[in-house]
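# A look at the structure
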Amino acid sequence: MKKLAGGFIVFLFAVLFLTSASFAEDYKIVDLGALGGSESGAEGGNDSGQVVGYSYIAGDTAQHAFLYNGGVMTDLGTLGGTNSGASAINDSAQVAGDSDIAGDTARHAFIYSGGIMTDLGTLGGTSSSANGINDSAQVVGGSDIAGDTARHAFIYSGGVMTDLGTLGGTNSGANGINDSGQVVGDSDIAEDAGRHAFLYSGGIMTDLGTLGGTSSSANGINDSGQVVGDSDMPGDAARHAFIYRDGVMIDLGTLGGTNSYAIDINDAGQVVGYSDIAGDAARHAFLWRAGVMTDLNSLLSPESGWILIYAADLRDNGQAAGTGIINGQNHAFLMAPDQDPSPSFGFTYGSPNTLIVNVNASGSYCVSGSCLYEWNWGDGDTDPFSGGPTASHTYAAAGTYAVTLTVKDAVYLSTASRSVNVNVYAPDFRPSADGCGEGEYTWNANTWTFSCDPASTDDNGVAKEIIKWNDGTANYVDAAAPFAAASHTFTTAGIKLISHTAVDTIGQTSAAEMATVVAAPFAISGAVYKHDGTTPAQSVRVQIRKAVTGTVVYTVFVRADGTFTAGNLKPGAYDLFVSKHLYNFGSGVGVPHKSFSITVGPSSSGNIINAVTP
């Protein structure tokens, strides 16, 4: 995220020289190799152990940008020209760098994302270069302005390249950016009297000054706004690495030689770069922490065969990337504290209905940021190392199994294991709910009572049954008192989506739903005609009964004019019984009666009931 494109200059410092410093096997190192050519160099890295930089391709005919991930170096290609180089990578694996364009007439900044290298253009001039990228994919660098009269620092964000200006002089360049969008670099000051480190924040470019000399440069910035770079010392006879924090530029010193240069800083305030060693016999990569500058070579075993000459990137876990000499050639490296992986995993059951166990090892730690996972399931089956932290396994039978996770660092290849006993239970099936069976309504005036007899089954017993009545109310009954019947009275008509849920002893559920219709009552009217020859009219009693059970649902008496209104009924089929008033129907006293069938439905309003007096 915060990067100076140290670029190809590190090859100038490739001196086959080894100091007599005391070594300690504190760090391990990996050779990132090359793209078929002889040499490579690393310029940036991210928290997943991915590294970017440049490498000669086969035949050493050109240098190409590369992305190193999980032991594989990938050629990112060019923008159509001969050479390219990558300077920085964010945690989403988006890469910033620069490349010759077609015809090699110019070099342009690029962003590489999702397998595509995109030309970022320029500020109107011929060439540009990208030196840093943050997790929001904002890119910084330098570009020629129109007419190629100067080169200015830029920030590229949302498809737009913006000129950051200068500190009053002609030229400037941006070298790093943090996740807050703060930019660092260097710029000519007024009258081009020197070039100073700057911090660009909130639209303002601030001069950070120097360590007493003429010029300085800011190369990296962390998310706390601490800045690192290098500055001329008084008299300009030497240049020293610095850290700028709390408004003060602090000299980091050297590894005993004349000059030093700070390239990157992590969020813990630790710094990497490179420095002349005693006698200026060579330049070595350094790590500065807790006020002490340490030669990175002293952290490796003398049998490693490496001479580390340039450190370009530092992660919060102590992992560093850069360039060193191995077997007489400059190669990109990745190194980290010699720390074994820390395996950790949890498990869940796929379902009580199966013998499946799911495991998740995402809490495991590898110093490179990239782990591989191997699972021994304790039943003779093993899943070999894979890239993902999650897996599933189906056992043949219930029981207790010792599941072993082995974590391998994908970069440094160190391993560590952890075992946990997992109890696998026999399948348990979900209960079955029948949805209250058929159910039926009874009606009284303007209310409807629905009754049902819920039933459910389960292989290990039902713990609870629940009926929800679609109006915010429910019946809950534990298994100790199962439903014999359940009923609920509705006060409004309409469709009622009644649900019945059964819960078994381990919390599994099943539900059944039934839609029942409570229709609004409909008025029916009718006429009763006098029996011929009967004077005066006999009054009659009209009873409307259920067609099946014969239960009386409504009774009216005929008015003197021989007509009646039967009132309101639910839709349904009914029998109509007519008899003389004051005589009991079916009394057996010889009073004749007549019956008729009627059907009351949604369109029954106004039905005529023809009843003849006996």
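What counts as what
Residues numbered from 1 in each chain as written. Predicted model: local features only at pLDDT ≥ 70, side-chain atom pairs only at ≥ 80, totals over all residues. Heavy atoms only, no water. Helix = DSSP H or I, 4+ residues; strand = E, 2+ residues; numbered from the N terminus. Buried < 20%, exposed > 50% of the residue type's maximum accessible area, 1.4 Å probe, protein only. Contact = heavy atoms within 4.5 Å. Areas by Shrake-Rupley, 256 points an atom, 1.4 Å probe, with all protein chains shown as cover. Core = buried A, V, L, I, M, F, W, Y, C linked by side-chain atoms within 4.5 Å. Polar contact = N/O pair within 3.5 Å; in protein donor to acceptor, adjacent residues only side chain to side chain. Phe/Tyr/Trp six-rings, centres within 6.5 Å; stacked < 30°, edge-to-face > 60°. Lys NZ or Arg CZ within 6 Å of the ring centre and 35° of its normal. pLDDT = per-residue confidence, 0-100. Disulfide = S-S within 2.5 Å.

### Section: the overall build of the protein chain
The helix and strand inventory of the protein chain stands at zero helices and 51 strands. When each of the 614 residues of the protein chain is scored for burial, the buried share is 51%. Residue pairs in contact within the protein chain that sit at least 24 positions apart in sequence constitute 49% of those at least 6 positions apart. Only carbon and sulfur atoms are counted for the fraction: they give 50% of the accessible area of the protein chain, which is about 25,600 Å².

### Some remarks on the nonpolar core
The biggest cluster of nonpolar side chains holds 18 residues, and the ones touching the most others in it are Trp375 and Tyr395. Put simply, the parts of the chain that give this core at least two residues each are strand E30 (356–360), strand E31 (371–376), strand E34 (399–409) and strand E35 (415–424). Here the element with the most residues in this core is E34; it accounts for four residues. With residues up to four places along the chain from it excluded, the contact list for Trp375 reads Phe345, Val359, Ala361, Asp381, Thr382, Asp383, Pro389, Ala391, Val403, Thr404 and Leu405. Judged by nonpolar contacts, the second largest core, of 17 residues, contains Leu32, Val51, Met73 and Val367.

### Things to note about the side chain of Thr406
Mapping Thr406 onto the fold places it in strand E34. Among the polar contacts listed, one links the side chain of Thr406 to the side chain of Ser417, at a separation of 2.8 Å.

### Here's the deal with the packing of aromatic side chains
Two aromatic rings, taken as a pair, are described by how far apart their centres are and by the angle between their planes. Here the structure, examined in full by the defined rule, presents seven aromatic pairs. With a centroid separation of 5.2 Å and an interplanar angle of 90°, the aromatic rings of Phe345 and Trp375 are classed as edge-to-face. Placement of the pair is Phe345 in the loop between strand E28 (329–337) and strand E29 (346–349) and Trp375 in strand E31, with a sequence separation of 30 residues. Across this residue pair, the class does not change: Phe345 and Trp375 are buried. Measuring from centroid to centroid gives 5.7 Å for Trp375 and Trp377, while their planes differ by 15°, and the two rings are stacked. This pair shows no difference in class: Trp375 is buried, exactly as Trp377 is. Grouping aromatic residues by their ring pairs yields a cluster made of Tyr261, Tyr274 and Tyr310. When the ring centre of Phe385 is taken as origin, the NZ or CZ atom of Lys408, which lies over that ring, is 4.3 Å away.

### Looking at unusual backbone geometry
The residue Asp246 is not glycine, and still its phi comes out positive at about 55°. With respect to the element layout, Asp246 can be found in the loop between strand E20 (239–245) and strand E21 (248–253). Judged by relative accessible area, Asp246 falls into the exposed class, the value being 77%. For Asp280, which is not a glycine, the phi torsion comes out positive at approximately 50°. You can see Asp280 is positioned in the loop between strand E23 (271–277) and strand E24 (283–289). Taking the relative accessible area as the measure of exposure, Asp280 reaches 38% and is therefore partly exposed.

### Thoughts on the confidence of the model for the protein chain
Averaged over all residues, the pLDDT of the protein chain is 82; the fraction at 70 or higher stands at 76%. Under a pLDDT of 50 for its full length, residues 1–25 has, in the predicted model, 96 contacts with residues more than four places off or in other chains. Contacts from residues 522–539, a stretch scored under 50 in pLDDT, to residues over four places away or in other chains number 56 contacts.

### So, the state of the cysteines
As enumerated under the stated definition, the model contains one disulfide in all. For Cys366, the disulfide goes to Cys371, at an S-S distance of 2.1 Å. Looking along the S-S bond of the Cys366-Cys371 disulfide, the torsion reads about 130°, which is the right-handed sense. With respect to class, Cys366 is no different from Cys371; both count as buried.

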